[in-house]
Amino acid sequence: MQGLASLRQLPAAILQLGSIFSRSGHELALVGGPVRDAFLGRPIHDFDFTTSARPEETEKLLEEWGDGVWDIGKEFGTIGAAKDGLVVEVTTYRTEEYDPGSRKPEVSYGDSLEGDLTRRDFTVNAMAVRVPELELVDPCGGLDDLEAGVLDTPVAAEQSFDDDPLRIMRAARFASQLKFDVSERVMHAMADQAARLEIVSVERIQAELEKLIVGASPRRGIELMVETGVADVVLPEVSALVATVDEHGRHKDVYQHTLTVLDQAIALETGPDGAVPSPDFVLRFAALMHDVGKPATRKYESDGTVSFHAHDMVGARMTKRRMKELKFDKASTKKVARLVEMHLRFHGYGEQAWTDSAVRRYVTDAGELLERLNRLTRADVTTRNKRKARWLSAAMDDLEARIVALKEQEELDAIRPDLDGAQIMEILGLEPGREVGRARKYLLDLRMEEGPLGEEEATRRLLAWWNEQQ
């Protein structure tokens, strides 16, 4: 089998670790993701093991093997170690379940490898390879499910999700990462127990959602969340898009449009040396959230059309609030919300020529998000009218060309007034304060409107403006 063939290439230090445990009368097995990835033909990055040894004994055996040992996960039965650049984590056989009213799993130790595997989340993660023997242990049919591309649970899905509700989110995450379908019973259990996610810590849910978004096919994960009602708990703003369908066809399906924009944004990501290396969480999440303000702003006009005035601003506030509740970091939250806020800025460019000043403001307002904003703008074109799509693409090409040209002329990335604060104070005889800020803003506006003026002309214009203010 391909998986066992690649596992035979395990580093010698890993096989040595297995021998140390074996000599001490304990089992050691590579388990879960590394085994799954080996059979998928993927490189093994994480060396996660399970063992019959209790944590105290595991720690002693790892000290015999490694260069360094840490017990940060000891309360959950996990000890870590490193040797020759290899990092391993070894966890005692265990069972794990939630108290119905608790946010934290309760851990108790098990007594067999097979028992440990049956308590895991999905059959494809419930395979192990004993080391150093390299013997495959697959009591739950994980290899068959792996070949079929299906996520199923080792025990009844209801029991599995009741034991650890986070597995509901993990199902959606693995659907994205592995491009797998979920079994019918898993989908039903997700729908029945979605509300159980409320007892799981926000941090754990956020971690799974982020992994889903940067997975190989986030659309699969989002669709699964929406279909099962999981999104009602985790991303209700996305669920609400489904209800924005217009049965009279006066506007496009916002939910399906959003999924298409997400796919198209991913297609515009770059390689590792490009402007937006894939996978880019900020661009992808902004694509997912860019129209969440539409349900709240939809208005049927007297002429029979539908409008969504200010849905960009409303959506930005909703996005910021949701990301804050999910405890995403402030920097990512700010970036995603800003992209949502600016995603309509390009509209009208091809209808009315922008001045150089308008282009400068677009670039300045986008700041470090410019490359992402341009890609989000392109991805937001989902019209079936090929002529309109070509026209919009050409307009965006033109804008990007103008940005490049202006950048070459003016070092557009760092637009500043022609005079700094110290010069302004010296010229106008001012002390630091509000008036200096007003003068700087006047010069910055001039810079935006007319481009570089040079110190001499900027000084002349500043003095003229100042005299008018007196």
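No experiment lies behind these values; they were computed from the predicted model shown. (Residues numbered from 1 in each chain as written. Predicted model: local features only at pLDDT ≥ 70, side-chain atom pairs only at ≥ 80, totals over all residues. Heavy atoms only, no water.)

Q: I would appreciate a short explanation of the overall build of the chain in the present structure.
A: Secondary structure summary: the chain contains 24 helices and 13 strands in total. In terms of principal-axis extent, the alpha carbons of the chain reach across some 90 × 60 × 45 Å. Across the 470 residues of the chain, 50% fall into the buried class. Counting contacts in the chain only where the partners sit at least 6 residues apart, residues at least 24 apart contribute 66% of the total. For the chain, the accessible area works out to roughly 22500 Å², and carbon and sulfur atoms hold 47% of it. Distance between charge centres in the chain, computed from 61 positive and 83 negative side chains, equals 4 Å. (Helix = DSSP H or I, 4+ residues; strand = E, 2+ residues; numbered from the N terminus. Buried < 20%, exposed > 50% of the residue type's maximum accessible area, 1.4 Å probe, protein only. Contact = heavy atoms within 4.5 Å. Areas by Shrake-Rupley, 256 points an atom, 1.4 Å probe, with all protein chains shown as cover. Lys, Arg positive; Asp, Glu negative; His and termini not counted. Charge placed at Lys NZ, Arg CZ, Asp CG, Glu CD.)

Q: Looking at this model, I keep getting lost on a nonpolar patch on the surface. Mind explaining?
A: A surface patch of nonpolar side chains, about 320 Å² in accessible area, is lined by Trp-70, Ile-72 and Val-87. Of note, Val-87 is situated in strand β5 (residues 86–92). Val-87 gets classed as partly exposed once you look at its relative accessible area, which sits at 44%. (Patch = residues over 30% accessible without salt bridge, like charges linked within 9 Å, V, L, I, M, F, W, Y side chains within 5 Å. Salt bridge = Lys/Arg side-chain N within 4 Å of Asp/Glu carboxyl O.)

Q: Explain the packing of aromatic side chains here, please?
A: Remark: the centre distance and the inter-plane angle together describe each pair of aromatic rings, the angle taken between the planes. For the structure on display, the rule yields 7 aromatic pairs. An angle of 15° between the planes, with centres 5.2 Å apart, marks the rings of Phe-281 and Phe-285 as stacked. Note that Phe-281 and Phe-285 are positioned in helix α15 (residues 281–289) at a spacing of 4 residues, about one turn of the helix. One exposure class covers both Phe-281 and Phe-285, and it is buried. On the basis of relative accessible area, Phe-285 is assigned to the buried category, the value being 0%. Among the aromatic residues, those joined into a ring-pair cluster are Phe-281, Phe-285 and Phe-328. A cation over an aromatic ring shows up here: Arg-173 above the ring of Phe-174, its NZ or CZ 4.4 Å from the ring centre. (Phe/Tyr/Trp six-rings, centres within 6.5 Å; stacked < 30°, edge-to-face > 60°. Lys NZ or Arg CZ within 6 Å of the ring centre and 35° of its normal.)

Q: How should the side chain of Asp-291 be read in this particular structure?
A: Note that Asp-291 resides in the loop between α15 and α16 (294–297). In contact with Asp-291, other than residues within four places in its own chain, are Leu-241, Val-254, His-257, Thr-258, His-311 and His-343.

Q: Would you mind going over the pairing of strand β2 (residues 47–51) with me for this structure?
A: It is a general feature of regular strands that their side chains alternate between the two faces of the sheet. Of all 5 residues in β2, 4 are buried; the element is thus mostly enclosed. Bridge analysis of strand β1 (residues 28–31) against β2 gives 3 bridges, and the strand direction is antiparallel. Its bridge partner lying in β2, Leu-28 is registered against Thr-51. In this structure, β2 lies alongside β5, joined through 5 bridges in parallel fashion. (Pairing = 2+ DSSP bridges.)

Q: Would you take a moment to explain the pattern of salt bridges for this structure?
A: For side chains bearing opposite charge, pairing can occur when the charged atoms are close. A full pass over the atoms with the stated rule returns 35 salt bridges. Note that Arg-402 and Asp-356 form a salt bridge whose closest N and O atoms lie 3.0 Å from each other. Taken as a pair, Arg-402 in helix α21 (residues 386–410) and Asp-356 in helix α19 (residues 356–366) lie far apart in primary sequence, 46 residues in all. For Asp-356, a relative accessible area of 37% puts it in the partly exposed group. Across the pair Arg-361 and Asp-445 runs a salt bridge whose closest N-O atoms are separated by 3.5 Å. With a gap of 84 residues between them, Arg-361 in helix α19 and Asp-445 in helix α23 (residues 434–450) connect regions that are remote in the sequence. Residues participating in the shared-partner salt-bridge network are Glu-27, Glu-114, Arg-130 and Glu-135.

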